[in-house]
Amino acid sequence: MAKILEVFGRSVWDSRGRPTVEAEVTVKGTGRTSVGRAIAPAGASTGSGEAKSIEVRQAVHGVNTEIRNVLVGKSLNQQENDHTLIALDGTPDKSRLGGNAIVAVSLACAQAAAAVEKKPLWKFLAGERAVAMPVPQIQIFGGGAHAHGRMDVQDFMIICTGAGSYTEALEWTAEVYRAAGARLAKREALHGVADEGGYWPAFKSNEEALAELTGAISDAGFEPGAEIAIALDIAASQLWRGGRYHLALEKRSLSVEQMHAMLLGWIERYPIVSIEDPFAEHDADAMASFTRTAGERIQIVGDDFFVTDAKKLQEAKGACNAVLLKPNQVGTLTETLACWRAAQEAGYGAIVSARSGETEDVSIVHLAVGWGVPQLKVGSFARSERMAKWNEGLRIEEALGRNKLPYLARKLFSRRF
Ligand code: PGA
Ligand code: ZN
């Protein structure tokens, strides 16, 4: 097995112009050295149970001292190395060495292991298993914490449910993204671009965004629902204050029951196939009740609600029917993989997801393909920290060749349409 020769951390910049941690792990395999590199992303609408990021200078210092010292000389074994990092940190939320330091090193170890075998990470992770391209959820309008709360709902996304391939899904998305931009320009309702590259519109209500998005799908020449459907991330923890859900844009607040009714109304009126964090992270009863009512028809995703924690998912019994997998939310690849395994055991769907603060690092696309996670969410269809990931998917799809399973979009979302 390859041995770790060196671990190095540096500070680089993310898509919001904020510093973040980059890690490089140098290993010696059979006679030659290889390097794995990865960068930590950063969230804005973070769940309270997430691994904690610390100040970047301090995180980088930890990588170059304590983390380096404990890993150098060790065999390159992802599980063992991740457990070494968890034990070295010694806190339940990784707040001593920082989730940002730990996730960068954990991912860099995986990249190094793939480099030793001269394989792309997806292929290294998949081994002999045949894999499929994940189905993208792509943001068209951005709101919530990513657009100064201008819209309450954080992500208005599309899923190209009728597309026959990943490549085709991106082609269709480009048409919808352009059509949505044209509609906003015509209405003089374009504020700018939110953190993940989606349009930041000046709408009067959240429902207006649903109507406009459905209109943009039609304008682009697609049938809403049958060909292209809508996915939402309510990120409801951000709306929760004093026992109610506050919709600042609409100058009103809703009880749990009213929120439930509003979302059911949206599902009736618009071609929605997936809703993420419809209720706040602590509101397990509301989540379970919503899943009982709507879970047969649509995908209900826990993001802040599960924070990529296998144990939380196992204990949640019946709340949600899908989980978002964010490596930096839990801190290591081993724990992220454990959450994906727990999801499979529970019969849950899963989506590998980027953060609102991202970089040129495309590792998560490889994780989705290599682990066989059926969906991928990396933001909108603009800005290079997003497009780098969609484009990496194109290269992987091309390379899959014969080792390729059918594209799953139609099967995953056939329940509704
Ligand atoms: P975040 O948003 O990266 O700001 O947490 C992404 C999401 O909520 O899915
Ligand atoms: Zn979310």
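Along each chain, the written sequence defines residue order, and numbers are assigned to residues from 1. Starting at A for chains and at 1 for ligands, labels are handed out in the order in which the entities are written. Given that this is a predicted model, residues contribute local features only at a pLDDT of at least 70 and side-chain atom pairs are listed and counted only at 80 or more, while totals for whole chains, interfaces and linings are drawn from all residues. Note that water and hydrogens are dropped before the side-chain values are worked out from all heavy atoms of the structure.

All right, on to the packing of helix 1 (residues 56-71) against helix 3 (residues 99-116) then. What counts as an axis is a line fitted to C-alpha atoms, over the stretch in contact for a helix, and the angles between N-to-C directions run from 0 to 180 degrees. Helix numbering and strand numbering both begin at the N terminus, where a helix is a DSSP run of H or I of at least 4 residues and a strand a DSSP run of E of at least 2. Relative orientation of the contacting elements helix 1 and helix 3 amounts to 50 degrees, with a least axis distance of 9 Å. Relative to helix 3, the element helix 1 is oriented oblique. Crossing geometry of helix 1 relative to helix 3 is assigned as right-handed. Here helix 1 contributes Val56, Ala59, Val63, Ile67 and Leu71 to the contact with helix 3, which in turn contributes Asn100, Ala101 and Val105. Note on residue classes: Ala, Val, Leu, Ile, Met, Phe, Trp, Tyr, Cys and Pro are nonpolar, Asp, Glu, Lys and Arg are charged, and everything else, Gly too, is polar. Among the residues making up the contact of helix 1 with helix 3, the classes are represented as seven nonpolar, one polar and no charged. Angles are sorted into four bins: roughly parallel if under 35 degrees, roughly antiparallel if over 145, roughly perpendicular if 65 to 115, and oblique for all others. We call a crossing left-handed when the near helix sits turned anticlockwise from the far one by less than a right angle, and right-handed when that turn is clockwise. The contact definition used throughout considers only heavy atoms, calling two residues in contact when any of these lie within 4.5 Å.

What follows is about the site of ligand 1. Of all residues adjacent to ligand 1, which total 14 residues, the nearest are Ala44, His146, Arg355, Ser356 and Lys377. Within the side chain of Asp303, one N or O atom sits 3.0 Å away from an oxygen atom of ligand 1. Its free accessible area being 280 Å², ligand 1 has 99% of it covered by the protein chains. Taken together, the residues of the shell around ligand 1 sort by class into two nonpolar, five polar and seven charged. Per-domain counts for the shell around ligand 1 show at least three residues from each of domain 1 (3-118) and domain 2 (135-412). Distances are taken per atom, and a residue is near a molecule or strand as soon as one of its heavy atoms is within 4 Å of it. Under the rule applied, a polar contact is a pair of N or O atoms within 3.5 Å (in protein, one hydrogen donor and one hydrogen acceptor; residues adjacent in sequence only if both atoms are side-chain atoms). Surface accessibility follows the Shrake-Rupley procedure with a 1.4 Å probe radius. Residue values consider only the protein chains on display as shielding. These domain limits were set by an automatic method or by a database of domain assignments.

The subject of this paragraph is helix 3. What a helix should span is 1.5 Å times the count of its residues minus one. Spanning 18 residues, helix 3 covers 26 Å between terminal C-alpha atoms, matching the ideal 26 Å at 1.5 Å per step. Looking one or two residues past helix 3, Lys118 carries a phi angle of roughly 55 degrees, positive in sign.

Turning our attention to the packing of aromatic side chains. Ring pairs are drawn from Phe, Tyr and Trp, using the six-membered ring of Trp, whenever the two centres fall within 6.5 Å, and their geometry is named by plane angle: stacked under 30 degrees, edge-to-face over 60, tilted for the rest. Counting across every chain of the model gives nine aromatic pairs. Ring geometry for Phe141 against Phe203: centres 5.4 Å apart, planes inclined by 80 degrees, an arrangement best described as edge-to-face. With Phe141 in strand 4 (residues 135-142) and Phe203 in the loop between strand 7 (199-201) and helix 6 (206-219), the pair connects residues that are 62 residues apart, well separated along the chain. Accessibility here uses a 1.4 Å probe with only protein chains present; expressed as a share of the type maximum, an area under 20% marks a residue as buried, one over 50% as exposed, and anything in between as partly exposed. A residue is classified by how much of its surface remains accessible, and Phe141, at 1% relative accessible area, is buried. Judged by relative accessible area, Phe203 falls into the buried class, the value being 1%. Ring centres of Tyr177 and Tyr199 lie 4.4 Å apart, and the angle between their planes is 15 degrees; on these two criteria the pair is classed as stacked. Placement of the pair is Tyr177 in helix 5 (residues 166-187) and Tyr199 in strand 7, with a sequence separation of 22 residues. Judged by its relative accessible area of 11%, Tyr177 falls in the buried class. Feature note: the residues Trp240, Tyr245, Phe279 and Phe290 constitute an aromatic cluster, connected by ring pairs.

Ordered by their spatial adjacency, three strands build an open sheet running 9-10-11, and the pairing between neighbours is antiparallel. The sheet is open, and its two borders are formed by strand 9 (240-241) and strand 11 (252-254), each paired with just one other strand. Sheet analysis places strand 9 next to strand 10 (residues 244-247), joined by two bridges and oriented antiparallel. From the neighbouring strand, Arg241 faces strand 10, where its bridge partner is Arg244. Should DSSP find at least two bridges between two strands, the strands are taken to pair.

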